[in-house]
Amino acid sequence: MDEEFSIKFKTTEDIKVPERLIDQVIGQDRAVEIIKKAAIQHRNVLLVGQPGVGKSMLGQALSELLPTEKLVDILAYPNPKDENNPIIKTVPAGEGKKIVAQSKAKALASINNGNSTVIFLGILVAFFIASYIVELIVNSQSNAVLAAADQISGTLFIITMLIGFLMVLLMYRLTRTRVSNVLTPKLLLDNSNVKVAPFVDATGAREGALLGDVLHDPFQTGGLGTPPHERVVLGDIHKANGGVLFIDELADMTPEMQIQLLTAMQEKKAPITGRSERSAGAMVKTEPVPCDFILVGAGNPESITKMSPALRSRIRGYGYEVYMNDFMDDTVENRDKIARFVAQEIKKDGRIPPFSRNAVIEIVNEAKRRADKKNALTLKLRELGGIIRVAGDMAREKGKKIVEAEDVINAKEYATSFEQQVASRYIKEKKEYDVIQTKGARVGRVNGLAVIENSDSGLLLPIEAIVTKSMRKGAGEIIATGKLGEIAQEAVKNVSAIVKAYSKQQMSDYDIHIQFLQAYSGVEGDSASISIAVSILSALTGIPVRQDVAMTGSLSILGEVLPIGGVNPKIEAAINAGIKEVIIPSTNKDDVIPQLKNKVKIITATSITDVINYAMTGKREKMRLIRAIKTAFKKHGER
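These figures come from a predicted structure and were not determined experimentally.

**Student:** Would you mind showing me how to read the overall build of the protein chain here?
**Tutor:** Looking only at helices and strands, one finds 21 helices and 25 strands in the protein chain. In the protein chain, which comprises 639 residues, the proportion classed as buried is 47%. When contacts within the protein chain are restricted to residue pairs at least 6 apart in sequence, those whose partners lie at least 24 apart make up 75%. Approximately 32700 Å² of the protein chain is accessible, and the part contributed by carbon and sulfur atoms is 54%.

Shown next, in the form of structure tokens:
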């Protein structure tokens, strides 16, 4: 790979970072164009792709492109005709605060309009009159004991009277305060200081958070509780009014919520009601609240099929569906973009030092490795961003002012994923107990290579096969163990079919046992096909298989070795296990990154006979097997 860039820089400080988010998006040119159109035409967008390729960033970029002139404030007013049906009003952005402030000022003035002073003066006059009367009664008594009793009784009467008056005053003020609260509207949405259209991430939001709710009030009975309009809470669909509502993994929402979301999109307004059936809020339902948003939905290709057909149809009919790129071509121009991405991540983080040119080159090399495809760079940039931050943290701890290439290399080793840590621990433990063998030769045993499901971490997976006479003639079966996924199970059947087709033995009289040794993490995919085939053929013929060789490749029913994914992580797993040579499909040869070619011998194969020739021992026996297979292939082709 040519490691030069077209832009000149010594460190990432020399690289200019665009101000707009839309200009910072890398490798998603089609998606960028559609986002620009969606901003102009007010269209919904569904982004489909793997995690970390920039879906949420595109949603935020869309919000930056939307105008802010039409943003409004939303207020809830009490309804004098029906308090359980609050009135909703919208005013230009910034006016809501003023209206609430004016309403509160009027309410305060009504409380302090002099009535409380009159009441207080009345209490004071009543106190003096009562004291005077008590004094007269006490003075009229000639008996000292009776006079003392009258004094005590009079004092208790005055205290009781004062408490009664104070309770009246308190109730009066509470009533006036409640009246003022009823008259004061609640500011539900304040856009007074908003400079960019709203971007609301509603991923994983519950029903009330998404659609709005009316809070429960345990003191609602008796008329002394919080007024209904004060308990109204906006949902994310309302907060996104005039902006973007972003929902990742859209298909994971319940069908009911998807339909309610669809209704809100169609009507561009939705009333708010209480979501708890036992709450007093369940009786409250506001007038329709504006929710004119652009929906940016996201998900992976597998989950999109679970979406509500009506919701997806709405997006397709009034918007766009975009399949995000996983990688981009490895060109000088795109390497420049990776360099700019590094500069963007540093600026966004704000705490890590700039990267040197060589450090950026290491990030580019990692982008190449993760692409797992010849002449390509990965666009799973979130994972690259993680390495950038770890490298920056490590350099900063050492007091460096610039992140160097060695810091990136150390970061890649330090910031390994959970799956990589599992794979490393697995290999270490299994080698200690000879589950993984890297020396000698064994009959029916092959070192296969796999990728841990839903990750880019490779795993060396020993496979063993044994062929035994069936208990009943013609009742032979294939028995595979090791927590296999559906595709892996199909691969076992296909390979077994090949072995049966080209074996001289009557395979229906034999049981074929295949075991993926201690494959606790699960095996998926058909890239173990050649490993299974070699294992079974070795068990049938008694020809040993070299244990210092690992292999990966899919197999057609005609014995062709087909390309597979994850070739680089698989080779890395073989290297970590101490394997010296790896067999891969010829079509994957250019996918292998240069760094790995220097650590292990790469053998390419185009057919199963190539694999047998290299992996099996015993020259005479294996050549006899190869000739038999080629003869069978030839007869099959002449039919």
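From this point, things continue past the structure.
**Student:** Mind showing me how you'd approach the packing of helix 1 (residues 29-41) against helix 2 (residues 55-65) here?
**Tutor:** Think of two packed helices as two axes; the pair is described by the angle between the axes and how far apart they sit. Where helix 1 meets helix 2, the axes come as close as 9 Å, and the angle between the chain directions of the two elements is 35°. Of the two possible hands of crossing, helix 1 and helix 2 adopt the one that is right-handed. Between helix 1 and helix 2, the contacting residues are Ala-31, Val-32, Ile-35, Lys-36, Ala-38 and Ala-39 on the first element and Leu-58, Leu-62 and Leu-65 on the second. For the contact of helix 1 with helix 2, the class distribution of residues is 8 nonpolar, no polar and 1 charged.

**Student:** Is there a simple way to explain the nonpolar core in this structure?
**Tutor:** Among soluble globular proteins, nonpolar side chains are generally buried collectively. Ranked by internal contacts, the top residues of the largest apolar core, which has 33 residues, are Ile-338, Phe-355, Val-360, Ile-363, Ile-388 and Val-408. When residues in this core are grouped by element, the largest group, 8 residues, is from helix 13 (residues 381-397). Core analysis: the next-biggest nonpolar cluster, separate from the first, contains 27 residues, Leu-46, Ile-247, Leu-262 and Met-307 among them.

**Student:** Explain the sheet that holds strand 11 (residues 294-299) here, please?
**Tutor:** Whenever strands of a sheet pair, they do so through backbone hydrogen bonds, lying parallel or antiparallel. Strand order in this open sheet of 5 strands is 5-8-11-1-12, and the pairing throughout is parallel. With one partner strand each, in any of the chains shown, strand 5 (199-201) and strand 12 (319-323) form the two edges of the open sheet. Averaged over all pairs of adjacent strands, the angle between strand axes in this sheet comes to 15°, irrespective of strand direction. Here 4 bridges tie strand 1 (residues 44-48) to strand 11, and the two strands are oriented parallel to one another. Residue pairing across strands places Leu-46 opposite Gly-297, the latter belonging to strand 11. Where helix 1 meets the sheet, it contacts strand 1, strand 11 and strand 12, and its direction lies at approximately 165° from that of strand 12. The strands touched by helix 10 (residues 309-317) are strand 1, strand 11 and strand 12; relative to strand 12, the strand with the most contacts, the crossing angle is about 100°.

**Student:** Could you clarify how one ought to interpret the packing of aromatic side chains in this entry?
**Tutor:** The way to describe two aromatic rings as a pair is by their centre distance and the angle between their planes. One pass over the structure, following the stated rule, counts 2 aromatic pairs. Measuring from ring centre to ring centre gives 5.3 Å for Phe-5 and Phe-9, while their planes differ by 55°; the resulting arrangement is tilted. Phe-9 matches Phe-5 in its accessibility class, with the two residues each being buried. With a centroid separation of 5.9 Å and an interplanar angle of 35°, the aromatic rings of Phe-199 and Phe-246 are classed as tilted. Separated by 47 residues along the polypeptide, Phe-199 in strand 5 and Phe-246 in strand 8 (residues 244-247) bring together distant segments of the chain. By relative accessible area, which is 25% here, Phe-199 ends up partly exposed. Relative accessible area serves as the criterion here: at 2%, Phe-246 is assigned to the buried category. Against the face of Tyr-318 rests Arg-314, its NZ or CZ located 4.2 Å from the ring centre.

**Student:** Got a minute to help me understand the pairing of strand 1 in this structure?
**Tutor:** Residues in a regular strand project their side chains so that they alternate between the two faces of the sheet. Most of strand 1 sits out of view: 5 of its 5 residues are buried. In this sheet, strand 12 lies alongside strand 1 in parallel orientation, the contact comprising 5 bridges. By the bridge assignment, Val-48 is partnered in strand 12 with Tyr-323.

**Student:** I keep staring at helix 20 (residues 608-615) and nothing clicks. Help me out?
**Tutor:** Owing to its 3.6 residues per turn, the α-helix aligns residues three or four sequence positions apart on the same side. Every buried residue belonging to helix 20 is among Ile-608, Thr-609, Val-611, Ile-612 and Ala-615, and all of these are buried. Buried positions in helix 20, seen along its axis, are confined to an arc of 160° and lie on one side of it.

**Student:** Explain the packing of helix 12 (residues 357-371) against helix 14 (residues 405-414) here, please?
**Tutor:** Two numbers describe how helix 12 lies on helix 14: the axes approach to 7 Å, and their chain directions differ by 35°. Here helix 12 contributes Asn-358, Ala-359, Glu-362, Ile-363 and Glu-366 to the contact with helix 14, which in turn contributes Ala-405, Val-408, Ile-409 and Lys-412. Here the contact of helix 12 with helix 14 is built from residues that sort into 5 nonpolar, 1 polar and 3 charged.

**Student:** How should the sheet that holds strand 4 (residues 186-189) be read in this particular structure?
**Tutor:** Taken in spatial order, the 3 strands line up as 3-2-4 in an open sheet, and their pairing is antiparallel. Since the sheet does not close on itself, it has two edges, and those belong to strand 3 (87-92) and strand 4, each with one partner. Direction aside, the axes of adjacent strands within the sheet are offset by 35° on average. The pairing of strand 2 (residues 72-77) with strand 3 spans 6 bridges and is antiparallel.

**Student:** How do you make sense of the environment of Lys-89 when you look at a structure like this?
**Tutor:** With respect to the helices and strands, Lys-89 occurs in strand 3. Assessed through its relative accessible area of 43%, Lys-89 is described here as partly exposed. Sequence separation between Lys-89 and Val-72 is 17 residues; the distance between their C-alpha atoms is 9.8 Å.

**Student:** I would appreciate a short explanation of the side chain of Arg-546 in the present structure.
**Tutor:** Secondary-structure assignment places Arg-546 in strand 20 (residues 544-546). Of the polar contacts made by the side chain of Arg-546, one reaches the side chain of Glu-581; its length is 3.0 Å. A polar contact of 3.3 Å, which involves the side chain of Arg-546, links it to the backbone oxygen of Tyr-614. In contact with Arg-546, not counting residues within four places along its chain, are Gly-440, Ala-441, Glu-581, Tyr-614, Ala-615 and Thr-617.

**Student:** Any chance you could explain a nonpolar patch on the surface here in plain terms?
**Tutor:** The grouping of Ile-152, Leu-156, Ile-159, Ile-163 and Met-167 at the surface amounts to a nonpolar patch, some 500 Å² of accessible area in total. Mapped onto the elements, Ile-163 comes out in helix 5 (residues 144-183).

**Student:** Is there a simple way to think about the environment of Gly-154 in this case?
**Tutor:** Inspection of the secondary structure puts Gly-154 in helix 5. Classification of Gly-154 as buried rests on a relative accessible area of 8%.

**Student:** I keep staring at the environment of Glu-256 and nothing clicks. Help me out?
**Tutor:** Relative to the helices and strands, Glu-256 resides in helix 8 (residues 255-267). In the structure, Glu-256 is positioned 52 residues away from Ser-308 in sequence and 9.3 Å away in space, judged by C-alpha atoms.

**Student:** I would appreciate a short explanation of the pattern of salt bridges in the present structure.
**Tutor:** Tallying each qualifying case throughout the model produces 23 salt bridges. One salt bridge in this structure joins Asp-292 and Lys-268, with 3.5 Å as the shortest N-O distance. Placement of Asp-292 in the loop between strand 10 (289-290) and strand 11 and of Lys-268 in the loop between helix 8 and strand 9 (269-270) is noted, with a sequence separation of 24 residues between them. We classify Asp-292 as partly exposed; its relative accessible area is 27%. The partner of Glu-464 in a salt bridge is Arg-442, with the nearest N and O atoms 3.5 Å apart. On the criterion of sequence distance, the pair formed by Glu-464 in strand 17 (residues 458-469) and Arg-442 in strand 15 (residues 441-443) is long-range, its members being 22 residues apart. Residue Arg-442 is classed as partly exposed on the basis of its relative accessible area of 30%. If you follow the salt bridges from partner to partner, you end up with Glu-362, Glu-366, Arg-369, Arg-370, Glu-383, Lys-412 and Glu-572 in one network.

How each quantity is defined
- Residue numbers restart at each chain and count upward from 1, following the sequence in its written direction.
- Restriction of local features to residues with pLDDT of at least 70 applies here, the model being predicted, together with a cutoff of 80 or more for giving and counting side-chain atom pairs; totals for whole chains, interfaces and linings are based on all residues.
- With hydrogens and water stripped out, all remaining heavy atoms of the structure feed into the side-chain values.
- Under the scheme used here, helices are H or I runs from DSSP no shorter than 4 residues and strands are E runs no shorter than 2 residues, and both carry numbers assigned from the N terminus.
- Residue exposure (1.4 Å probe, protein chains only): buried if accessible area is under 20% of the type maximum, exposed if over 50%, otherwise partly exposed.
- We call two residues contacting when some pair of their heavy atoms lies within 4.5 Å.
- Every accessible area reported is derived by Shrake-Rupley at a probe size of 1.4 Å, with residue values counting cover from the shown protein chains alone.
- Whenever a helix is involved, its axis is fitted only over the stretch in contact; in every case the axis is a line through C-alpha atoms, and angles between N-to-C directions fall within 0 to 180 degrees.
- Each helix crossing is assigned a hand: it is left-handed if the near helix lies turned anticlockwise from the far helix by less than a right angle, otherwise right-handed if that turn is clockwise.
- Residue polarity is assigned by list, with Asp, Glu, Lys and Arg as charged and Ala, Val, Leu, Ile, Met, Phe, Trp, Tyr, Cys and Pro as nonpolar; anything else, Gly included, falls into the polar class.
- What makes a nonpolar core is a set of buried Ala, Val, Leu, Ile, Met, Phe, Trp, Tyr and Cys residues whose side-chain atoms join them at distances within 4.5 Å.
- In this analysis, strands are considered paired if DSSP registers two or more bridges between them.
- Pairing of aromatic rings covers Phe, Tyr and Trp, the last through its six-membered ring, and needs centres within 6.5 Å; plane angles under 30 degrees mean stacked, over 60 mean edge-to-face, and all others mean tilted.
- Each ring is checked for a lysine NZ or an arginine CZ that lies within 6 Å of its centre and within 35 degrees of its normal; such an atom marks a charge sitting over the ring.
- Taking the helix axis as origin, the arc is that swept by the directions to the C-beta atoms.
- By the criterion applied in these results, polar contacts are pairs of N or O atoms within 3.5 Å in which, for protein atoms, one can donate a hydrogen and the other can accept it, and in which residues neighboring in sequence qualify only through two side-chain atoms.
- Only residues above 30% relative accessible area that lack a salt bridge enter a patch, with like-charged residues linked at up to 9 Å and the nonpolar side chains Val, Leu, Ile, Met, Phe, Trp and Tyr linked at up to 5 Å.
- What counts as a salt bridge is simple: a side-chain nitrogen of Lys or Arg found within 4 Å of a carboxyl oxygen of Asp or Glu.

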